[in-house]
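Summary of structural features
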Amino acid sequence: MARRSRALDVAPICERLLANDPSLTMISAFDAPVGEEAARRLGETLPRSTHLALFWLGNCSVTATTFELLLPGLLRNESITNLMLSSNPIGDSAAAALGAWAAKTARLTHLVLGQRTSAGCGISLSGLNAMLPGLQASTLALLDLSGNGFGDEGARGIAGWLAANPPLKTLILVNCGITSEGAAALVASLRTNNCLISLRIDLAATPGQEGIDAALRAGSEARAAQIAQSTPVEAIPGESAPAKTAPVETAKRAPAKTTPAKTAPAKTAKRAAPRAAKTAADADVDSADSDADAGTPSSKRGRRSKGTRQPRRGAK
């Protein structure tokens, strides 16, 4: 007998959402069914939180109806950046709604709507086509659509989006029914895309993952070359001299900085000479004074002795 999963208890979660608990930055639930009542309560309380960043419900039996109850809370929340609804049969209508939401908010950067080993989220080619217009205006950095069987036609639609060079960095398309034809369209789109860093598909045929990785490297090299060419010119707008002349100016200014250090000893020598001369002169004067003083006491003593003897004689 299969073990029945326990439903997600949203009561304590909703209380913390209502209180705008700063420590509630992530809601993560796996294999815990979310019923309609739980989804409604979450939809009502999600807008109250300004700290929640990650909202993950993996394989929680979220259907198209359940998602509609969650959607108002997602649209009004101003802090969620990472949404994961893997292995939930939300369907094409939810995909269209999420695409529209991604176009309106710059906060959402990670959107995971697939699972590599299951049927994903039940997004078909029509659901993908309804989602793509919103993705074209989004600021997503990561998109995972694994397990959604939109095939080569869907890959061509995604290729058209990639060719417009969106800010997307990582795209995962594993188990989507893509063949070499769809992979070729994706590789061709990378010729004008210099933002995508990682693209993953499950394809053994040409061009395969190796061909895609090579195209990604080529785009990365082209981006690096473009930055290297544009940055020096744009770094100093309005100046005729390019930034490359800066080292030359530095070289010209360098001697001026070192000149005082070289001339300092000469100035010291010039100043030292007068001091030495003055010292010598002072020494000569002192010597002369010493000589004069040396002769003076004897004569003075002589005069004083004569002067002192006379009063004594006069006393007699």
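Values in this document were obtained by computation on a predicted structure and should not be read as measured data.

Before going further, it helps to spend a moment on the pattern of salt bridges. Applying the stated rule across the entire model yields five salt bridges. Measuring nitrogen to oxygen at the nearest pair gives 2.6 Å for the salt bridge that ties Glu44 to Arg40. Pair noted here: Glu44 and Arg40 are both in helix H2 (residues 36–45), with a separation of four residues, about one helical turn. The partly exposed category is assigned to Glu44, whose relative accessible area is 48%. Arg156 is the salt-bridge partner of Glu153, the closest N and O atoms lying 2.6 Å from each other. You can see Glu153 and its partner Arg156 sitting in helix H6 (residues 151–163), three residues apart, about one turn around the helix. Put simply, Glu37, Arg40 and Glu44 are held in one network by salt bridges that share partners.

Take H6 next. For H6, built from 13 residues, the straight-helix expectation of 18 Å at 1.5 Å per residue is met to within 8% by its first-to-last C-alpha distance of 18 Å. Listed as buried for H6 are Gly151, Asp152, Gly154, Ala155, Ile158, Ala159, Trp161 and Leu162. Looking straight down H6, one finds that the buried residues subtend no more than 160 degrees of arc, so they occupy a single side. The secondary structure elements touched by the buried residues of H6 are helix H5 (125–136), strand E5 (142–144), strand E6 (170–173) and helix H7 (180–189). Two residues or fewer after H6 comes Asn165, characterised by a positive phi angle close to 60 degrees.

Glancing now at the packing of helix H3 (residues 64–76) against helix H4 (residues 91–104). Two numbers describe how H3 lies on H4: the axes approach to 10 Å, and their chain directions differ by 10 degrees. By the criterion of interaxial angle, the relationship of H3 to H4 is roughly parallel. Contacts between H3 and H4 involve Ala64, Phe67, Leu71, Leu74 and Leu75 from the first element and Ser93, Ala94, Ala97, Leu98 and Trp101 from the second. Here the residues of the contact of H3 with H4 sort into nine nonpolar, one polar and no charged.

If you look at the biggest cluster of nonpolar residues, it comprises 65 residues, and the most contacted ones within it are Phe55, Leu57, Leu113, Leu143, Ile158 and Leu173. Contact partners of Ile158, with chain neighbours within four places excluded, come to Leu128, Leu132, Leu145, Phe150, Leu171, Leu173 and Leu186.

Glancing now at the pairing of E6. Here E5 runs beside E6; their pairing, made up of three bridges, is parallel. Bridging from a neighbouring strand, Leu143 pairs with Leu171 of E6. Between the parallel pair E5 and E6, the chain is carried across by H6, and the sense of this crossover is right-handed. Judged from the four bridges that link them, E6 and strand E7 (residues 198–201) form a sheet pairing that is parallel. Along E7, the bridge assignment pairs Leu171 with Leu199.

Further remarks concern the sheet that holds strand E4 (residues 110–112). If you walk across this open sheet you meet the seven strands as E1-E2-E3-E4-E5-E6-E7, and the pairing is parallel. If you trace the sheet from one side to the other, it starts and ends with strand E1 (26–30) and E7, each paired once. On average, each strand axis in the sheet is inclined to that of its neighbour by 5 degrees, with strand direction left out of account.

Here the focus is unusual backbone geometry. You will see that Ser61, though not glycine, has its phi angle at about 60 degrees, which is positive. Its location among the elements puts Ser61 in the loop between strand E2 (54–58) and H3. Its identity as a non-glycine residue notwithstanding, Asn175 has a phi of 60 degrees, on the positive side. In this fold, Asn175 is placed in the loop between E6 and H7.

Once that is clear, we can look at the confidence of the model for the protein chain. Here the protein chain averages 77 in pLDDT, and 64% of its residues register 70 or above. Below a pLDDT of 50 lies the segment residues 263–281, which in the model reaches zero contacts outside its immediate sequence neighbourhood of four places, other chains included.

The rules behind the values
- Residues numbered from 1 in each chain as written.
- Predicted model: local features only at pLDDT ≥ 70, side-chain atom pairs only at ≥ 80, totals over all residues.
- Heavy atoms only, no water.
- Salt bridge = Lys/Arg side-chain N within 4 Å of Asp/Glu carboxyl O.
- Helix = DSSP H or I, 4+ residues; strand = E, 2+ residues; numbered from the N terminus.
- Buried < 20%, exposed > 50% of the residue type's maximum accessible area, 1.4 Å probe, protein only.
- Expected span 1.5 Å × (residues − 1).
- Arc of directions from axis to C-beta.
- Contact = heavy atoms within 4.5 Å.
- Axes fitted to C-alpha atoms, helices over the stretch in contact; angles between N-to-C directions.
- Parallel < 35°, antiparallel > 145°, perpendicular 65-115°, else oblique.
- Nonpolar A, V, L, I, M, F, W, Y, C, P; charged D, E, K, R; others polar.
- Core = buried A, V, L, I, M, F, W, Y, C linked by side-chain atoms within 4.5 Å.
- Pairing = 2+ DSSP bridges.
- Right-handed = clockwise from strand over helix to strand, strands pointing away.
- pLDDT = per-residue confidence, 0-100.

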